[in-house]
Amino acid sequence: MSLFKARDWWSTTVGEAEEFDHGCLCVANIDNSNDELDKIIIGSYHGILRIFNPKPTKTEDGGWSGYKPEDVLLESALPNPILQIEAGKFVSGSDNLHLAVLHPRNLAVYSVSVTSGAVEHGRHFQLKKAYEHKLQRTAFNFCYGPFGGVSGRDFLCVQSMDGTVSIFEQESYSFSRFLPGALLPGPIRYIPKSDSFVTVSSSWQLECYKYQVLAVATDTKTKEESQNMKSGKRVTWDWCFNIGEQALDLEVVNYPTAPPSIIILGERNIFCLTDTGKLRYMKKCEYDPSCFLPYASLVEGSINYLVATHTTSSLMVYQDIMLKWAAKLDNVPVEVRIGKFQDLQGIVVTLSDTGRLECLYLGTDPALFIPPVPEARELNYGEMDREMAQLQKRMKQSSNKPVIMPNAKQEDDLQILVQVNPGLDDNSVATGLEYEDPDPVPSISARIQLKSRLTIENITVSMHADWPLACNCGSYEVSSVDPSNPTENFVSFFLKGKVLPPTLTASVSANYTSATGAPRIATAKVKLPLKLVVKPVLPVKNAEFKVTLDTNKPPANLNDIFPDLLGENAHGPGAALGFQFYGMGSIVTVLASKTSQRYRLQCDKFEALWLLVKDLAGRLSSHFNRTKNDNFSVYFTGQLPLQEYFDLIENHFEHRLNAERCKEMLSQRATQFRAIQRRLLTRFKDKTPAPLANLDTLMEGTYRQILHLADTIEENNQSQEMAACALASGTHLFCYIIKLWTNMSQDEFKVLTSSITPVVSNNLDQGWEERVDAAVTHLLRTTLAKASKDQTLNPQPLTMPEDTTKVKKHIALMCDKLGKGARLVEGLPQNSAVNMAPSPRKEKKTKISATSKTVMENGVIDNSDDTETLIGSQFGQHKNKHLKDQEIMSAMNGLSDLSELGLPAANIPLEDEISEKQRKKHIESMVPDLDDMEVHTGPMALED
Amino acid sequence: MKSRPGEKLIDSLNAVEDTKGNNGDRGRIIVTNLRILWHSIALPRVNLSIGFNCVINISTKTAQSKLRGTTEALYVLTKCNNTRFEFIFTNLIPGSPRLFTTVISVHRAYETSKLYRDLKLRGALINNKQLRLLPQEQVYNKVNGVWNLSSDQVWKPRNVFITNVRLVWHANINESFNISIPYLQMKSVKIRDSKFGLALVVESSQQSGGYVLGFRIDPSEKLHDVVKEIQSLHRVYSACPLFGVEFETEERMQGDDLAVEQVQDECEIESDGTSDAFAAYFADGNKDKDRDPVYNEELGLAIEKLRDGITLQGLWDVLA
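Everything numeric in this text was worked out from a predicted model, so none of it was measured.

A.B. asks: How do you make sense of the overall build of chain B when you look at a structure like this?
C.D. replies: The secondary structure content of chain B amounts to 4 helices and 19 strands. Here chain B holds 320 residues, and 50% of them are scored as buried. Taking the intrachain contacts of chain B between residues at least 6 apart in sequence as the baseline, contacts between residues at least 24 apart amount to 51%. Roughly 15,700 Å² of accessible area belongs to chain B as shown, and the carbon and sulfur atoms make up 50% of that amount.

Written as structure tokens, this is what we have:
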């Protein structure tokens, strides 16, 4: 704020952990020495009275010698806190200055005397108590002056905390008066000219009381004046002036060259009034004042005063309302005084609340100092380069990450361990099943353990199994886990819905708040065994769909492969096993070739093969790959089951179309219903009712239609869910077969499964067909594109297609490209490991009718690719007759028969008719069939 | 760091920036019972030491740090040989008030224990003829009938208290006339011949005012005994001084002690323009000395004498 600083002339820190405030500083020639130099008197709230005589001397370098121990004239520990000290002629018969000290419960007047010594530090000062008044009320402050116009003497007026003033005529007590309306006391001063007191009351106004009025306002009943009076006459003020704020301090000045004035320092303003209560001027402060001091009238008619401020800690010098000077202080003073020390007058003395006592003069050199920049040190460029490189490396690493993910590993506070029991539950907990099965439906228990490094509270553990699997317990809460005490819980999983399960995994997740307060989730996957969903039955000889797996090892006995799923086949030769899904008729038969290294799986439903194919491959590889050197592997050399797969897509899509149609119809009917309602309402409102004209019949009809439609939608949703599960299973199988067929790496398989995704969700705006179509098209245009010119990206909007032609076409095209050795991950050499070119089955070839043009719709795909025709054509017209019939039927019946669209009728094995003896024969008779197949498929492949 | 006898390490913080002189440099601040030390981590030869005796004021204000930006910092205003220096330290660990609390409370402990170290005249030391003892002080001996040779009233008997920290003398008749001299401020203690005969003469150090205090003790055997006692206590104190700055540290500090007490490698100091190092910390700028204060009629206050040809009004108008 200020360019100028207050210069330190002499300073010291007073006291040891003592506190000071307004009233604690007094500057006067208290020892009445002849040189009339001022001394500094300080009283602390800790009751210690000190008198200083600053006598700095000039040192050689031009500075001041500062504080010396001999500058202390006197230090005396008084028994009570010191509230205020003033110097005045308080002792009768003496013109000397004496010191009045106000304690909370007494007022003492002391004289300070000197005994000179041989040397300066030999002088000793003595504090002698002249007299003391005990106070009945707790004192707040006091003022002094020649009350009543006495000359050469000062009387004392003590104001107590309750606003009572007590007058002491030096050694004798005079009287006490209550000031009216007193709540909190304020600063009080005596005006000699009008012989009255001024104070700022708690009603924020300046009040003036005549001394005479106070003196004569005695209670007539009690002639005796005493301090401990309880009541008194109500006195009134002579005049008052509203200042509207709390006053910090108040001074009465009477300089010869200026009119007598009252100056009030408020919290925001400075007021100057005449001694009769008329405002002379007022100054608004732009700072928080801490204390002030009027000190002189240097120009005729104006008053000079100092103001110290809080936040900026500066000292302002005003002449009336004009700022004459400002200087920066080092401390915020609580009291400021002016004194004459040595031969220098006009020294500013300040005292801070912590006891920093400073004697200052005003510096006149502007402080334009800007600290010089520190000398630049020799920079270590090598070090800086290294640091730079390190930082850039880190930035690069973090920018490589697509998303900034919290590093879960670091804070893995909670661990979930899930263990599935090796055997099924003795007592099945499977309830609420949506299907019926002659055999008891099993369930399997899993043990969930929670382990933590720290104590974690309020953990929610939830279990999730993909439909149609379910868990007997959706979620449970754990109140707390600590490292020494892991928790353990058991849950059971079982097959609930009447759908083929696409996966056999369940997930367990725990939701908790980490020690740092961040929400965290820990998850674990559970693999459920196959026996949870299938039961062993007798194998079935004929089935519509077949998948053959080739291996590089002689075939194993199936009894060794499926020891836990033998059932009544346990004593068989181990060449054929049958499995039936709970709740569904489909039987999957697994056949092992006697002579060749092949296994065949067959079923009436294509999608039902998936879990068995996966399980068989896994079991075989663990059966043969006992050591590291056993290079057992499974191949697929047959034809890709494109048609079967496309049927599933078609079926799923049909349901979606139906759902759309139903929705449309429902909204139409609803509109119609509302229209009828409206008409009916107008008729009923009419005062002269018109005939209803069969509107009620129409309304009821529409209502029935809506109900029927809602039922239909519900049914369709259910069957769509089934179709979705079937499609998911089929997609799993299809991708797995492609993997075996092209000997795909794990990376490629990842790309494949994320393009032809086995996640079929029903309730999104984007259906499976358009998503897969978009993904496959993208692959065809990028990774699988022949040349870079084909690599154009022009994504199409994801809307529900008209039919499934496009997606089927693109999948077929992709399979063809993969068959030709294309890779799904860039940078791999061309695949020569494709086991066998896919060949359409002989009997179906006759049905090829689509031309190559059907494939070329988007133009980007190369026209000259011949093989597209071959593969792409397969899906064109051919339909399973069974499905076809159904389609026709559903088209005919409208929406009423949607539920029948579900799954083709199961081929129920004729178990009952086959006797025990026949059963064995039956299995045996099936086996040679497999060997025929080899011969059969061989030339077929050659044909293409 | 090699500390002087009686100096104790109180706290050490490893991430503090000297915002004024070495902005942008990470350093370590060490607080002992007598001073504050700071040195750069990268270059330990860049260091500074502030004795608490020079400190005028310690406060917290907002500062601009290269390492932390605008932040709360510790301002230490000091005065040494009439030159005022200002230091600003910034704690680089956000939200840790340890720097502020330690330095401020140690400074407060230092301020409130001045009687251990400073010569004091005419203090409130005696209460009812008994010495007000400091917390760690013990009275070893009390000698009556001692005459002070600095006062005219030499024939009035005085008392002397000899403690483990200081020598206190006071007049029997006036308790407020007394002297307290810690051994720390004693330059010499010897027997000298004076105009009043053989006397005990205590010379105080220059910084405490360079007083020569004479005491007469009768008989001379007693004088010799007292002098011997004071001399030996002075020696004991010099070897193991008691500064009276007591600071309770928390438990965790004990472990840090050993780690911090490492001895800095000695390095050659090449003095080429080292005087400039002070420049960064000047509180008043490059002003070497003030002109004499004079009374100014215009303000009615003491001001620094104006330069020739400059008026106060003119100077003020420049600002306004």
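A.B. asks: Quick question: what am I supposed to make of the overall build of chain A here?
C.D. replies: In terms of helices and strands, chain A carries 13 helices and 42 strands. Residues counted as buried form 51% of the 944 residues belonging to chain A. Pairs at least 24 residues apart make up 63% of the contacts formed inside chain A by residues separated by at least 6 positions. For chain A, the computed accessible surface area is about 45,200 Å², with 51% contributed by carbon and sulfur atoms.

A.B. asks: Explain the interface of chain B and chain A here, please?
C.D. replies: The accessible area lost on association of the parts is a frequent measure of interface size. Between chain B and chain A, the contact holds 69 residues from the first and 65 residues from the second. For the pairing of chain B and chain A, the buried interface totals around 5,800 Å² over both sides, and the portion due to carbon and sulfur atoms is 52%. When residues of chain B are sorted by the area they lose upon contact with chain A, B:Arg122, B:Leu301 and B:Trp316 head the list and together hold 13% of the total. Inspection of the chain B/chain A interface yields 6 salt bridges. Salt-bridge contacts for A:Asp365 lead to B:Arg291; the nearest nitrogen and oxygen are separated by 3.0 Å. Counting every contact that joins chain B to chain A gives 22 residue pairs in polar contact (both at pLDDT 80 or more).

A.B. asks: Is there a simple way to explain the sheet that holds strand 15 (residues 186-194) of chain B in this structure?
C.D. replies: As a general point, the strands of a sheet are linked pairwise by backbone hydrogen bonds and lie either parallel or antiparallel. All names here are of chain B. With antiparallel pairing, 8 strands are arranged side by side in an open sheet as 8-14-13-12-11-17-16-15. Across the chains shown, the open sheet's two edge strands, defined by having one partner strand only, are strand 8 (120-121) and strand 15. Bridge count between strand 8 and strand 14 (residues 178-182): 2 bridges; the pairing is antiparallel. Considered in strand 14, the bridge of Lys120 is made with Ser180. Here helix 2 (residues 220-239) sits on the sheet and contacts strand 11 (139-148), strand 12 (158-163), strand 13 (166-171), strand 15, strand 16 (197-204) and strand 17 (212-217); the angle it forms with strand 15, its principal contact strand, is near 165°.

A.B. asks: How do you make sense of the pairing of strand 28 (residues 356-362) of chain A when you look at a structure like this?
C.D. replies: Each regular strand shows side chains that alternate between the opposite faces of the sheet. Residues and elements named next belong to chain A. Counting buried positions along strand 28 yields 7 of 7 residues, so the element is predominantly enclosed. Bridge analysis of strand 1 (residues 6-13) against strand 28 gives 7 bridges, and the strand direction is antiparallel. For Thr12, the partnering residue across the bridge sits in strand 28 and is Leu357. Pairing of strand 27 (residues 344-352) with strand 28, which is carried by 4 bridges, proceeds in the antiparallel orientation.

A.B. asks: Explanation requested: a nonpolar patch on the surface in the structure shown.
C.D. replies: Together, A:Leu379, A:Tyr381 and A:Met384 give the surface a local cluster of nonpolar side chains, amounting to about 340 Å² of exposed area. Note on placement: A:Tyr381 falls in helix 2 (residues 381-400).

A.B. asks: Got a minute to help me understand the packing of aromatic side chains in this structure?
C.D. replies: Two aromatic rings, taken as a pair, are described by how far apart their centres are and by the angle between their planes. All names here are of chain A. Enumeration according to the criterion identifies 27 aromatic pairs over all chains in this entry. On the basis of an interplanar angle of 75° and a centroid distance of 4.8 Å, the ring pair of Phe147 and Phe197 is categorised as edge-to-face. One end of the pair, Phe147, is in the loop between strand 10 (139-145) and strand 11 (155-160); the other, Phe197, is in strand 15 (residues 196-200), and 50 residues separate them in sequence. Judged by relative accessible area, Phe197 falls into the buried class, the value being 2%.

A.B. asks: I'm lost on the environment of A:Val537 in this one. Help?
C.D. replies: Residues and elements named next belong to chain A. Along the chain, Val537 falls in strand 37 (residues 534-537). For Val537 and Val588, which are 51 residues apart along the polypeptide, the C-alpha to C-alpha distance reads 9.1 Å. Aside from chain neighbours lying at most four places away, what touches Val537 is Glu568, Asn569, Gly578, Phe579, Gln580 and Ile587.

A.B. asks: Mind showing me how you'd approach the packing of helix 6 (residues 695-742) of chain A against helix 9 (residues 805-819) of chain A here?
C.D. replies: Describing two packed helices takes the angle between their axes plus the distance from one axis to the other. All names here are of chain A. Viewed as axis vectors pointing N to C, helix 6 and helix 9 meet at an angle of 20°, and their least axial separation amounts to 10 Å. By the angle class used here, helix 6 and helix 9 are roughly parallel. As for how helix 6 packs across helix 9, the hand of that crossing is right-handed. Listed contacts from helix 9 to Phe734, Ile738, Trp741 and Thr742 of helix 6 are Ile811, Cys815, Leu818 and Gly819.

A.B. asks: Looking at this model, I keep getting lost on the confidence of the model for chain A. Mind explaining?
C.D. replies: Low pLDDT means the predicted atomic positions in that stretch should not be read closely. Residues and elements named next belong to chain A. A residue-level look at chain A finds 81% of positions with pLDDT of 70 or above and a mean pLDDT of 80. Note on residues 836-914: pLDDT is under 50 here. Beyond four places in sequence and across chains, it has 118 contacts. Counting contacts from residues 926-944, a segment whose pLDDT is below 50, to residues more than four positions away or on other chains yields 31 contacts.

A.B. asks: How do you make sense of the pairing of strand 11 of chain A when you look at a structure like this?
C.D. replies: Residue and element names in this part refer to chain A. In terms of burial, strand 11 is largely enclosed, as 6 of its 6 residues are buried. Of the two faces of strand 11, the one holding Phe155, Cys157 and Gln159 and the one holding Leu156, Val158 and Ser160 are both buried throughout. In this structure, strand 10 lies alongside strand 11, joined through 6 bridges in antiparallel fashion. Each residue of the ladder has a partner; that of Phe142, found in strand 11, is Val158. Two strands pair when backbone bridges link them, and strand 11 and strand 12 (residues 164-169) are joined in this way by 4 bridges, in the antiparallel orientation. Its bridge partner lying in strand 12, Cys157 is registered against Ile167.

A.B. asks: Sorry if this is basic, but what is going on with helix 2 of chain A here?
C.D. replies: For an α-helix, the turn length of 3.6 residues means that residues three or four places apart are oriented alike. The end-to-end C-alpha distance of helix 2 of chain A is 28 Å, a good match for the 28 Å that 20 residues give at a rise of 1.5 Å each. For helix 2 of chain A, a buried count of 0 out of 20 residues is recorded, marking the element as mostly open to its surroundings.

A.B. asks: Can you walk me through helix 4 (residues 609-624) of chain A in this structure?
C.D. replies: A rise of 1.5 Å per residue sets the reference length of helix 4 of chain A, with its 16 residues, at 22 Å; its end C-alpha atoms lie 22 Å apart and thus fit the reference within 8%. Considered for burial, the residues of helix 4 of chain A that qualify are A:Leu609, A:Trp610, A:Leu611, A:Leu612, A:Val613, A:Asp615, A:Leu616, A:Ala617, A:Arg619, A:Leu620 and A:Phe624.

A.B. asks: Just to check I follow, could you spell out the confidence of the model for chain B for this structure?
C.D. replies: Residue and element names in this part refer to chain B. The pLDDT averaged across chain B works out to 80; a share of 85% of its residues lies at or above 70. Throughout residues 251-261 the model reports pLDDT below 50, and contacts reaching past four residues in sequence, or to other chains, amount to 13 contacts. The ipTM value of the predicted complex is 0.83, and its pTM value is 0.56.

A.B. asks: How should the sheet that holds strand 39 (residues 576-581) of chain A be read in this particular structure?
C.D. replies: Residue and element names in this part refer to chain A. The sheet built from 6 strands is open, its strands ordered 37-39-40-41-38-42 with antiparallel pairing. Two strands in the sheet have a free side with no partner beyond their single neighbour: strand 37 and strand 42 (634-635). Looking at chain direction, strand 38 (residues 545-551) and strand 42 are connected through 2 bridges and run antiparallel. What sits directly across from Asp550, in strand 42, is Tyr635.

A.B. asks: Please explain the side chain of A:Arg177 as it appears in this structure.
C.D. replies: Residues and elements named next belong to chain A. The residue Arg177 is located in strand 13 (residues 172-178) in this model. Among the polar contacts listed, one links the side chain of Arg177 to the backbone oxygen of Ala215, at a separation of 3.3 Å. A polar side-chain atom of Arg177 sits 3.2 Å from the main-chain carbonyl oxygen of Ala217.

A.B. asks: Please explain the nonpolar core as it appears in this structure.
C.D. replies: The tendency in soluble globular proteins is for nonpolar side chains to be buried side by side. Residue and element names in this part refer to chain A. In this structure, Phe493, Tyr645, Ile756 and Ile811 are the most contacted members of the largest nonpolar core, which totals 109 residues. Those residues in contact with Phe493, other than ones at most four positions away along the chain, are Ser443, Ile444, Ala446, Met463, Ala465, Ala470, Cys471, Ala506, Leu528 and Leu532. Counting residues in each nonpolar core, the second largest holds 41 residues, with Leu265, Cys272, Val317 and Trp325 among its members.

A.B. asks: Mind showing me how you'd approach the packing of helix 5 (residues 642-685) of chain A against helix 9 of chain A here?
C.D. replies: Residues and elements named next belong to chain A. Where helix 5 contacts helix 9, the axes come no closer than 11 Å and their chain directions differ by 155°. As far as their axial angle goes, helix 9 and helix 5 are roughly antiparallel. Taken as a pair, helix 5 and helix 9 cross one another with a handedness that is right-handed. Together, Leu642, Tyr645, Phe646, Ile649 and Glu650 of helix 5 and Val807, Lys808, Ile811, Ala812 and Cys815 of helix 9 make up the contact between the two elements. Partitioning the contact of helix 5 with helix 9 into residue classes produces 8 nonpolar, no polar and 2 charged.

A.B. asks: Hey, could you run me through unusual backbone geometry in this one?
C.D. replies: Leaving glycine aside, a negative phi is the common case for residues, and trans is the common case for peptide bonds. Residues and elements named next belong to chain A. The residue Gln342 is not glycine, and still its phi comes out positive at about 50°. Checked against the element boundaries, Gln342 lands in the loop between strand 26 (333-341) and strand 27. On the accessibility criterion, Gln342 (27% relative accessible area) is partly exposed. Backbone geometry at Asn743 places phi at a positive 55°, although glycine is not the residue there. With respect to the helices and strands, Asn743 occurs in the loop between helix 6 and helix 7 (746-755).

The rules behind these values
- Residues numbered from 1 in each chain as written.
- Chains lettered and ligands numbered in written order.
- Predicted model: local features only at pLDDT ≥ 70, side-chain atom pairs only at ≥ 80, totals over all residues.
- Heavy atoms only, no water.
- Helix = DSSP H or I, 4+ residues; strand = E, 2+ residues; numbered from the N terminus.
- Buried < 20%, exposed > 50% of the residue type's maximum accessible area, 1.4 Å probe, protein only.
- Contact = heavy atoms within 4.5 Å.
- Areas by Shrake-Rupley, 256 points an atom, 1.4 Å probe, with all protein chains shown as cover.
- Buried area = accessible area lost by both parts, 1.4 Å probe.
- Salt bridge = Lys/Arg side-chain N within 4 Å of Asp/Glu carboxyl O.
- Polar contact = N/O pair within 3.5 Å; in protein donor to acceptor, adjacent residues only side chain to side chain.
- Pairing = 2+ DSSP bridges.
- Axes fitted to C-alpha atoms, helices over the stretch in contact; angles between N-to-C directions.
- Patch = residues over 30% accessible without salt bridge, like charges linked within 9 Å, V, L, I, M, F, W, Y side chains within 5 Å.
- Phe/Tyr/Trp six-rings, centres within 6.5 Å; stacked < 30°, edge-to-face > 60°.
- Parallel < 35°, antiparallel > 145°, perpendicular 65-115°, else oblique.
- Left-handed = near helix turned anticlockwise from the far one by under 90°.
- pLDDT = per-residue confidence, 0-100.
- Expected span 1.5 Å × (residues − 1).
- Core = buried A, V, L, I, M, F, W, Y, C linked by side-chain atoms within 4.5 Å.
- Nonpolar A, V, L, I, M, F, W, Y, C, P; charged D, E, K, R; others polar.

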